[in-house]
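A look at the structure
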Amino acid sequence: MPEAIIPTRKRIVDAATKLFYAEGIGRVSVDAVAEKAGLTKRTLYYHFKSKDDLIAAYLDGRDQPNLRQMAGWFDVAEGGADRKVEAIFSNLARVARHPKWKGCGFLRTAAELASMPGHPAVKVGSRHKSNFEAWLAGALSDHGVEEPQAVAREIVLLIDGSFSIMLVHRNPDYIAAAGHAAATLVRARSRNKD
C-alpha cells in the first residue's frame, strides 16, 4: 500500500514496532521513529502525547495478532489438548529459529520498564498475558482438562520461562523442552486420558 494511503497513526505504530522490536524501546528515539515513518517529530507528537504512549501503542498493536497466532496453532494441531498445547511451543521454537527473532516483545519491554510498574506499556503487557492465560484456560476446559485455570497458569510460566532462557542461550530447544513439559502437565490433568 502506498505510504500516502496508510493512515498516519498506523505508519507511526508500524515504524515503532519495527524499531522497538529490533532494538529495544530504550535504544530507539522518537526522532528515529519519525524518520522511519517518513514524518516529522511534530506530526508524531500530534498523534501520541509521549514516547510512553507510543510504546503502549506498539504493544497494543501486537496483542490481538499474537493471541490469534497462538490460538491458530492450537486449533489446527491434531490430537488432544496435550498435542495442541505442545504445538504452540513447537511453532514458537520454529519462529525462534529465525535470525530476526528477538524474543517476546511484551517481556522485553516489561524488563526495560521494570522500575516503572505503572507505565502504560506494562499495563498493556499485563493485559496481554492475562488475556492469553484466560483464552488458554477456556480452550483447555473445552478439551476436558481438569483445573484449566491452574494448568493455563503453569503453561504460561513455561512459555515465558522459555522465552527468557532463549534470550540467554539463543537455543530454541529450550522452547521445545518446555512444550514437552506443558504436554505432560495437560495429560496429567486430562479427563479423557488415552
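Given the structure is predicted, the values throughout are model-derived calculations rather than measurements.

About the cut-offs
- Residues numbered from 1 in each chain as written.
- Predicted model: local features only at pLDDT ≥ 70, side-chain atom pairs only at ≥ 80, totals over all residues.
- Heavy atoms only, no water.
- Helix = DSSP H or I, 4+ residues; strand = E, 2+ residues; numbered from the N terminus.
- Axes fitted to C-alpha atoms, helices over the stretch in contact; angles between N-to-C directions.
- Parallel < 35°, antiparallel > 145°, perpendicular 65-115°, else oblique.
- Left-handed = near helix turned anticlockwise from the far one by under 90°.
- Contact = heavy atoms within 4.5 Å.
- Nonpolar A, V, L, I, M, F, W, Y, C, P; charged D, E, K, R; others polar.
- Expected span 1.5 Å × (residues − 1).
- Buried < 20%, exposed > 50% of the residue type's maximum accessible area, 1.4 Å probe, protein only.
- Domains from an automatic or database assignment.
- Buried area = accessible area lost by both parts, 1.4 Å probe.
- Salt bridge = Lys/Arg side-chain N within 4 Å of Asp/Glu carboxyl O.
- Polar contact = N/O pair within 3.5 Å; in protein donor to acceptor, adjacent residues only side chain to side chain.
- Core = buried A, V, L, I, M, F, W, Y, C linked by side-chain atoms within 4.5 Å.

Regarding unusual backbone geometry
Here Glu-147, not a glycine, exhibits a phi torsion of approximately 50 degrees, which is positive. Tracing the backbone shows Glu-147 in the loop between α7 (120-142) and α8 (148-169). Backbone geometry places Arg-170, a non-glycine residue, at a positive phi of 55 degrees. For Arg-170, the position within the fold is in the loop between α8 and α9 (173-188).

Some details on the packing of helix α4 (residues 51-76) against α7
Relative to each other, α4 and α7 sit at 15 degrees, their axes nearing to 8 Å. Looking at the two axes, α4 sits roughly parallel to α7. Classified by chirality, the crossing of α7 by α4 is right-handed. Facing α4, whose interface residues are Asp-52, Asp-53, Ile-55, Ala-56, Leu-59, Asp-60, Asp-63, Asn-66, Leu-67, Met-70, Ala-71 and Phe-74, α7 presents Pro-120, Ala-121, Val-124, Gly-125, Arg-127, His-128, Asn-131, Phe-132, Trp-135 and Ala-139. Across the contact of α4 with α7, the residue classes break down as 13 nonpolar, 4 polar and 5 charged.

Here's the deal with α7
In this model α7 runs 33 Å from its N-terminal to its C-terminal C-alpha over 23 residues, within 8% of the 33 Å that 1.5 Å per residue would give. Taken together, the buried positions of α7 are occupied by Ala-121, Val-124, Gly-125, His-128, Lys-129, Phe-132, Glu-133, Leu-136, Ala-137, Ala-139 and Leu-140. Elements in contact with the buried residues of α7: α4, α5 (81-96), α6 (105-112), α8 and α9.

Observations regarding the domain arrangement of the chain
How large an interface is tends to be reported as the accessible area lost when its parts come together. Annotation of the chain at the domain level lists domain 1 (1-48) and domain 2 (62-188). A C-alpha centroid distance of 28 Å is found between domain 1 and domain 2. With 8 residues of domain 1 at the contact, the number on the domain 2 side is 10 residues. Buried surface at the junction of domain 1 and domain 2, both sides included, amounts to about 620 Å², of which 54% is carbon and sulfur. Remark: the boundary between domain 1 and domain 2 carries 0 salt bridges. Counting the contacts that link domain 1 with domain 2 gives 5 residue pairs in polar contact (both at pLDDT 80 or more). Of the residues contributing to the side of domain 1 that touches domain 2, the split by class is 4 nonpolar, 3 polar and 1 charged.

Description of the nonpolar core
What tends to happen in soluble globular proteins is that the nonpolar side chains get buried as a cluster. Judged by nonpolar contacts, the single largest core of 56 residues is most densely connected at Phe-20, Val-33, Val-85, Leu-140 and Ile-155. Contributions of two or more residues to this core are made by α1 (8-23), α2 (30-37), α4, α5, α7, α8 and α9. The leading source of residues in this core is α4, at 10 residues. Each of domain 1 (1-48) and domain 2 (62-188) contributes no fewer than three residues to this core. Not counting residues within four places of it along the chain, the set of residues in contact with Ile-155 comprises Val-85, Phe-89, Leu-136, Leu-140, Ala-182 and Val-186.

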